[in-house]
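Okay, here's what each chain looks like letter by letter:
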Amino acid sequence: MLLEIKSLDSGYGFLQVLWDISLSVDEGEFVALIGPNGAGKSTTLKTISGLLEPQGGEILFAGDSIGGLEGHLVCRKGVAFISEELNLFVNMTVKENLEMGAFTVDDPARQKENLEFVYELFPRLYERENQYAGTLSGGERKMMAIGRGIMSSPRLMLVDEPSLGLAPMLTNEVFKSLRTLNKRGTTILLVEQNVGKTLKTSSRAYILEKGKIVLEGRSEDLANDDHVRKIYLGH
Amino acid sequence: MANVAVESTIDESAIDKVDQTIEDSFVQKAVRWVFSAGGITICLTILIAIVASIHKGPYILVNTIITGGMWALMAIGLSLLFSVMNIAGFAHGEYFMAGSLTAYFVMQPIGKYTLDHPESFMAYVGPLIAILVGTFVCAILGVITERLVFKQLRIRNREGWLLNCFLITIGLSVIMQNGHQLIFGADFKGILAYWDFPSVPIFGVYISMDRVCAFFIAVLTMVGFYMFMMFSTAGKTIRAVSQDEEGARMVGISVDAVHIMTFALSCGLAGLAGASLLFMFPSYPTVGVMPLYNSWFIIILVGFGNVAGSIPGGFMIALFQVLTRSYFGEGWEAVVPVLLISLILIFKPSGIFATKVRTVWDQ
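Residues numbered from 1 in each chain as written. Chains lettered and ligands numbered in written order. Predicted model: local features only at pLDDT ≥ 70, side-chain atom pairs only at ≥ 80, totals over all residues.

(A) How the structure looks around the overall build of chain A. In terms of regular secondary structure, chain A is built from 10 helices and 10 strands. Over its C-alpha atoms chain A spans a radius of gyration of 17 Å, differing by no more than 12% from the 18 Å that the globule rule assigns to 235 residues. Along the longest, intermediate and shortest principal axes, the C-alpha atoms of chain A span 45 × 40 × 30 Å. Sequence-distant contacts, at least 24 apart, represent 66% of the contacts inside chain A between residues at least 6 apart. (Helix = DSSP H or I, 4+ residues; strand = E, 2+ residues; numbered from the N terminus. Rg over C-alpha atoms; globule rule 2.2 N^0.38 Å. Contact = placed C-beta atoms within 7 Å.)

In structure tokens, the structure reads:
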């Protein structure tokens, strides 16, 4: 198991959001975490990536406990987090942003290889190489954030709502790039509200409601599940 | 008539289009910059400087350039502190004081030595050593402050951070001023000159060697600082944290380390200014107050968190002071800049170089 979460509790101060969450992601898998607004999906990712301190339970990454570890140390272990707000460096150019993404990579050859891969995956970023990240359009920002994540050659990538605020065409493009990334060997844990598309893309999924995991299974099975069809797919 | 109206609308839309194209020519960019608030102010300042120097003599220009560089250094540090850590530093003058005090104690034996051996290399290098030690001591002092005070506050409470830090820095300032008085006494601790050489004539004005050196130190430091921030990895991490702390953490930057670096840099720059200006401002407990006010004037003038803008801002404030001193007299020196700052706050609260401080306040 690459990532293993055992009965995790987490939240913001006195407000507990996650209750006894257990999930696991195997090396090379594409796992989705879906659920309605306010279920605690983003909180889960923030806790794994070290931006939030867990209130209980255990997070194991490649066998090591990373629960409560500071964000930058979690990143060094090989976890890249692409947040909902993207957290780009708006007054830096696209290239500088990507270089900062490779902050934890010491080998220049590896950096160059990653940069080439990002530009290959998102040619749009190559065109805008010297433009400030703050001037990019919504879709380009998403690509920029994913690209910055790739630059650290992560073993596990946590992606939070990449389809948020994007036109369907661009959403498809972003999903396609995630699939390419997964085929290249990066494990992905994706949080999404776009349930239909996510279940088609991912291999396995967890359903989170009110801070608890209510369902889990292979994506095809979940897509045919009565509960999921009624509530998330609407047919 | 109808034709004219149609033509004018077409013209306007054409102008809009020109404004919106991303790939503008350099001339277009320059023209647009000149007509922005920052451009107008800078051009006006240069104009005023030229007119005044013709009217009163070139010493106005020379004095402006020499003191402006040092105020810019102070303001850069203050600006950095604000943009990276959201700290409104009101203790910054005390690092200036600490810098000048350290330089004084280092310079004391060096001065005695060079008096006996006027031809030794110490006469050239000694003052530099004093200034560097002053800078270094202040950088360390800054790191100690960060670890002992701001880190502790960060761990415990991040609510009302801006106001708390404001109060803490004022407290620090009081402590450091009184500490100086308690340990070293309230008398003036100054030197006659760093570099005891004949004055250099520039445009018919005789300028002491110390002032010339102070100017070169300021320029070199500014260039060095710019290179550091733009091209070194460490500088880039500082910029990254100032733009998005969470994002910096996500790419693996240790925000803690960046904070230490920021404090070292910022306080080091204040110490450098204090040490370099020891020949003008002898060290005493409240020597830092005036430089602190000056650097706040600069920051308000150019906009909070605008590090690069501090450099033209420093020269502008220095020019206003030199002008008031020579036209209205010594006592008005603080009045005119303050008046100017008040006007800026009323009409252009974000400073003359309208920058987005969104990332700073969003943290």
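(B) Inspection of the overall build of chain B at higher detail. Check the secondary structure of chain B and you find 15 helices and 2 strands. Its C-alpha atoms give chain B a radius of gyration of 23 Å, within 12% of the compact-globule value 21 Å for 363 residues. Expressed as lengths along the three principal axes of its C-alpha atoms, the size of chain B is roughly 90 × 60 × 35 Å. Taking all 363 residues of chain B together, the buried fraction comes to 43%. (Buried ≥ 20, exposed ≤ 12 C-beta atoms within 10 Å, placed from the backbone.)

(C) Looking closely at the interface of chain B and chain A. Listed as interface residues are 14 residues of chain B and, on the opposing side, 21 residues of chain A. Residue assignment for the side of chain B that touches chain A shows that the elements contributing at least two residues are α9 (233-243) and α10 (245-250) of chain B. Across the side of chain B that touches chain A, the residue classes break down as 4 nonpolar, 5 polar and 5 charged. (Nonpolar A, V, L, I, M, F, W, Y, C, P; charged D, E, K, R; others polar.)

(D) Molecular detail of the sheet that holds strand β6 (residues 79-82) of chain A. All names here are of chain A. Taken in spatial order, the 6 strands make up an open sheet running β6-β7-β8-β3-β9-β10, and their pairing is mixed. Strands at the two margins of the open sheet, each flanked by one partner only, are β6 and β10 (212-218). Within this sheet the neighbouring strands show an average axis-to-axis angle of 15°, counted without direction. In the sheet, strand β7 (residues 156-160) pairs with strand β8 (residues 187-192) via 5 bridges, with the strands oriented parallel. Bridging across to β8, Met157 finds its partner in Ile188. The strands touched by helix α7 (residues 168-183) are β3 (30-34), β7 and β8; relative to β8, the strand with the most contacts, the crossing angle is about 155°. (Pairing = 2+ DSSP bridges. Axes fitted to C-alpha atoms, helices over the stretch in contact; angles between N-to-C directions.)

(E) Spotlight on α7 of chain A. Residue and element names in this part refer to chain A. The end-to-end C-alpha distance of α7 is 23 Å, a good match for the 22 Å that 16 residues give at a rise of 1.5 Å each. On its buried face, α7 sits against α6 (138-150), β7, β8 and α8 (195-201). Gly185 sits one or two residues past α7 and shows a positive phi near 120°. (Expected span 1.5 Å × (residues − 1).)

(F) Looking closely at the sheet that holds strand β5 (residues 64-65) of chain A. Residues and elements named next belong to chain A. Taking strand neighbours across the sheet as the criterion, the 4 strands line up as β2-β1-β4-β5 in an open arrangement whose pairing is antiparallel. Single-partner strands in this sheet number two, and they are β2 (15-25) and β5. Taken together, the 5 bridges between strand β1 (residues 3-12) and strand β4 (residues 56-61) define a ladder with antiparallel strand orientation. Along β4, the bridge assignment pairs Asp9 with Gly56.

(G) Structural context of the packing of helix α12 (residues 289-302) of chain B against helix α13 (residues 310-327) of chain B. Residue and element names in this part refer to chain B. At a minimum axis distance of 9 Å, the contact between α12 and α13 shows a crossing angle of 120°. Here α12 is positioned oblique relative to α13, judged by the angle of their axes. Judged by the sense of rotation from one axis to the other, the crossing of α12 with α13 is right-handed. Between α12, through Asn294, Phe297, Ile298, Ile299, Leu301 and Val302, and α13, the contact on the second element is made entirely by Ser310, Gly313, Gly314, Met316 and Ile317. (Parallel < 35°, antiparallel > 145°, perpendicular 65-115°, else oblique. Left-handed = near helix turned anticlockwise from the far one by under 90°.)

(H) Spatial organisation of the pairing of β10 of chain A. All names here are of chain A. The pairing of strand β9 (residues 204-209) with β10 spans 6 bridges and is classified as antiparallel. Following the sheet pairing, Glu209 is matched in β10 by Lys212. Where β9 folds back on β10, the antiparallel hairpin that results is connected by 2 residues, among which Lys210 adopts a positive phi of roughly 50°.

(I) The nonpolar core, seen in detail. Val79, Leu158 and Leu189 of chain A together with Leu73, Met74, Ala273 and Leu301 of chain B are the most contacted members of the largest nonpolar core, which totals 154 residues. Non-local contacts of Leu158 of chain A, meaning those with residues more than four positions away in its chain, are made with Leu45, Ile48, Ser49, Val79, Ala80, Phe81, Ile82 and Leu189 of chain A. (Core = buried A, V, L, I, M, F, W, Y, C linked by C-beta atoms within 7 Å.)

(J) Region of interest: helix α7 (residues 161-184) of chain B. All names here are of chain B. Its 24 residues give α7 an end-to-end C-alpha distance of 33 Å, which sits within 8% of 34 Å, the value for a rise of 1.5 Å per residue. Where α7 is buried, its residues touch α5 (92-116). Immediately downstream of α7, the backbone of Gly185 shows phi near 85°, a positive value.

(K) Representation of unusual backbone geometry within the structure. At Ser7 of chain A, a residue that is not glycine, the phi angle is positive and equals roughly 35°. Topologically, Ser7 of chain A is positioned in strand β1.

(L) Molecular detail of the environment of Thr114 of chain B. All names here are of chain B. Assignment of secondary structure puts Thr114 in helix α5. Spatially, the C-alpha atom of Thr114 lies 8.5 Å from that of Gly126, the residues being 12 residues apart in sequence. Sequence-distant contacts of Thr114, defined by excluding residues within four places in its chain, comprise Ser120, Met122, Ala123 and Gly126.

(M) The environment of Gly309 of chain B, seen in detail. Residues and elements named next belong to chain B. Relative to the assigned elements, Gly309 resides in the loop between α12 and α13. Each C-alpha atom, one on Gly309 and one on Leu78, is 12 Å from the other, the two residues being 231 residues apart in sequence. When neighbours within four sequence positions are excluded, Gly309 is seen to be in contact with Val302, Gly303 and Phe353.

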